[in-house]
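So the chains spell out like this:
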Amino acid sequence: MLDQRGSESVSRRAIVQALVLGLCSGALFWVFYRVFTVKFPLNFVSPIYSAVPLFGIPLGLALARRSPAPGLRATILMGVGIALFAVSALAYKDKSVHYLLFGAYYDYPAPTSAWVTRGLLASVPLAIVPFLVTTWTFARLPSLSRRFTTQVLVLGIGGGVLLAELFTPTLGAYSILIAMCALCAVFLPDWRIGLATAAIVGVAGTAMYHPLEAIFTWQLREYKRVETYWTHHYKWDWIEFDKGHCVGGVHNEIMIHYSCDVPEKLPLTHLKMADAISNGPIRREHVASLGRSDGIIAAAHKFKNPNLKHFVAVENDERVVHDMLERYTHHEGDIFTTSPSIELVGGSERLWLQRTKEKFDAIYLDGIGLMLVPFPFTVIQQENYLFSADAYRRIFDDLLTPNGVLIVDRGTTVNGESKDLAAGLPEDVQVRTLFTKIPTYPLTGLPLVYIIASRNGAELDRIVGELVKGNLYGRDDFLAAESRRRWSSDDRPMFQPGSINAMMVVMSPVALLTLVFVVLILNKQVGSWVNRDVGQQLLLGVLFSTIAIWLTARGARAFVAGPQMGFAYSFASMFAGVGCGLLVTRNWRSQASTIATLAACAVAFAIQLVWPFEPAVALGASVCGGLGLGALATGSRSSTSSSPEGLELMLGILLGIWVFQLALLFAGFTLLAVCVSAILALQAVYLRQAPLASRSSSTATGFAPRISAFGD
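The structure displayed is predicted, hence computed values, not measured ones.

What counts as what
Residues numbered from 1 in each chain as written. Predicted model: local features only at pLDDT ≥ 70, side-chain atom pairs only at ≥ 80, totals over all residues. Heavy atoms only, no water. Pairing = 2+ DSSP bridges. Helix = DSSP H or I, 4+ residues; strand = E, 2+ residues; numbered from the N terminus. Axes fitted to C-alpha atoms, helices over the stretch in contact; angles between N-to-C directions. Disulfide = S-S within 2.5 Å. Buried < 20%, exposed > 50% of the residue type's maximum accessible area, 1.4 Å probe, protein only. Salt bridge = Lys/Arg side-chain N within 4 Å of Asp/Glu carboxyl O. Contact = heavy atoms within 4.5 Å.

**Student:** So what about the sheet that holds strand β3 (residues 246-251)? Which residues, and what values?
**Tutor:** The strand order across the open sheet formed by four strands is β1-β2-β3-β4, and the pairing between neighbours is antiparallel. With partners counted over all chains shown, the strands left at the sheet margins are β1 (224-230) and β4 (254-260), one partner each. Across the sheet, the axes of successive neighbouring strands diverge by a mean angle of 20°, strand direction being ignored. With six bridges connecting them, β3 and β4 associate as antiparallel partners. In the strand pairing of β4, Gly249 is matched with His257.

Structural data, given as structure tokens:
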């Protein structure tokens, strides 16, 4: 009886520990991603940052197999690694590191200290260490507790991502990162080293947390930081300048827009654009601006458009909208609070496009292409959907009047980028392109490319003719045939193919390094990595990550609070489904589990494709897909492979990240879902035809991860 009670107590402690490990890992991963995407435009390579921490998982599994109890030296090294990661992640906080792109997009200033660069370069590989510690700790849990610890771990990971996202606006991503690093240190096997590491992390975090004045503000040099906070979209700073007459909005670390209390301080480019659009034979009574809540376009139309009856501006972030309507309304000249016809709303611009019923005479896509919110594990940016053929078709067919005009502007120094912006426009829409540099302080010298599109070619010629008078605007070359080759859609939202190809090239060494590392471990401990069982486990990992990323990336767009919040909800729902799937199907045979996988994943794919912008559908698809992934994992645990537990699976998951990038780039969501479903169907057919006796062998089983996490 005492033995039974003792084993139950050990099992309960292990389950609690697995839950805490999952929460810590999920939260740490998410805030790591959030902190690194602050460094616009370094977030162009965010898929690299998203994948790097996962190196710690196969490394932790391999080390745990070689030495279940790490020695004193290894424990000290892991403690030092956690502390250095926390310190290096904060070393470049609120500092400009954009020059690391070598001026490829804008002429960014060099950082004010060499430690900024050192912190950035050090924190990326050091991100492996915390995940190595949590994986090693989980692998050392008592074997008697394997029955439920995996399910609890999976639930904890999903919950950790969601909780980190929910608490980021309140606590800030930096605070959560420091807290999770300290918690991770507690898991070190030597409690003295663990507590010392946690104390160092806490002290360093407290000392380095104070915000610094290092925002990239173009030509602006004298400003006052008024407020700093995190939202579900980005890190946001309010700054005042011009003796309090103007306020700037800083997305992450770049001042993207500003507003002033009088129209005379507005950019001349925007005033002239509003004048040219509004003062012609066609009355522009209803105008919309999607992108920035700075009030510049609204004020320009109020000042220059005598026929304006309704103006609506749409901003991503509702917290920013609240500030503009309350605390900083006087900096806008009270444009949104004293003019009943001028409205400011918050929420996803893409969802606003889907749901609004109003007709407009002019629509601006202003500041949309800032690439502020990339989806984790993908090269999809939030704004890509707004430049897709589906979004443009919705604008021209349903929202614009017959003589309506679409105006798209984007900050760029890239010659011919208008080809990307106009690639998805309907074939019967005519296009004119312009280039300008803002002459107005503080955005002096900021280059912009403009796309002006309408079904009324004569009106376009009139507008462009007015704009090119003088030296403020110039014509930009545009080749419609070249643009068509850069077409994108909601199904394949891959805007700027050149940039995406460059990202894939940058990510390839990381993928190769992953492959070489795990292959060497397999070859050393198994004797050979070229066998059927290993290949099937790799395929399992690729399918697992591909399906998971597909569901989260597709579902993230359906949430008004933003794709990052949507990703967190979808990810947590999917992992809840995985945990339930592991629990429900733990006693099923391979054939039943694989058929259940096929059915659940097919349903998840189908409902997401049919109803792409409904939050309830996105969550339901994530849960359903998670159930299928859990069934896929448990249906393959009959392998007798002697390979290191979970290494092949983890390699497959890491490779699946790159498989998803390439597949989405060349195929799209729909074709990718069809291909994955076909592979699962073939597996179900294979299991049905294979003799029952052969399914228990390592050479004839289905997908066969020997990861103890999937336990009995």
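**Student:** Let's hear about the state of the cysteines: which residues, and what values?
**Tutor:** According to the stated counting rule, one finds one disulfide in the structure shown. Put simply, Cys246 and Cys260 are joined by a disulfide, and their sulfur atoms are 2.0 Å apart. Of note, the bridge from Cys246 to Cys260 carries an S-S torsion of about 105° and is right-handed in sense. Of the two residues, Cys246 sits in strand β3 while Cys260 sits in strand β4, which places them 14 residues apart along the sequence. According to the relative accessible area criterion, Cys246 is buried, its value standing at 1%. Not part of a disulfide, Cys24 finds its nearest cysteine sulfur in Cys184, a span of 5.0 Å. In this structure Cys24 comes out as buried when scored by relative accessible area, which is 1%. Under the relative-accessibility criterion, Cys184 is labelled buried at 0%.

**Student:** Describe the pattern of salt bridges, with residues and values.
**Tutor:** Close approach of charged atoms allows side chains with opposite charge to pair. Counted under the stated rule, the structure contains 17 salt bridges. A salt bridge links Asp237 to Arg225; the shortest N-O distance between them is 2.4 Å. Placement of the pair is Asp237 in strand β2 (residues 235-241) and Arg225 in strand β1, with a sequence separation of 12 residues. Pair check on accessibility: Asp237 and Arg225 agree, each one buried. Here Arg455 ties to Asp397 by a salt bridge, and the two come within 2.9 Å at their closest N and O atoms. Here Arg455, found in the loop between β11 (447-454) and α16 (457-467), pairs with Asp397, found in helix α14 (residues 389-399); they are 58 residues apart in sequence, far enough to count as distant. Here the salt bridges do not stand alone but share partners, grouping Arg225, Lys235 and Asp237 into one network.

**Student:** Give me the sheet that holds strand β12 (residues 473-475): which residues, what numbers.
**Tutor:** One open sheet holds the eight strands; their spatial order is β7-β6-β5-β8-β9-β11-β10-β12, and the pairing between them is mixed. Each edge of the sheet is formed by a strand with only one pairing partner; in this case those strands are β7 (342-346) and β12. The sheet shows a mean angle of 20° between the axes of neighbouring strands, direction not considered. Bridging between strand β10 (residues 430-437) and β12 involves three bridges; their strand directions are antiparallel. Residue pairing across strands places Leu434 opposite Arg475, the latter belonging to β12. Contacts between α16 and the sheet are confined to β9 (400-411), β10, β11 and β12, with β10 contributing the most and set at about 15° to the helix.

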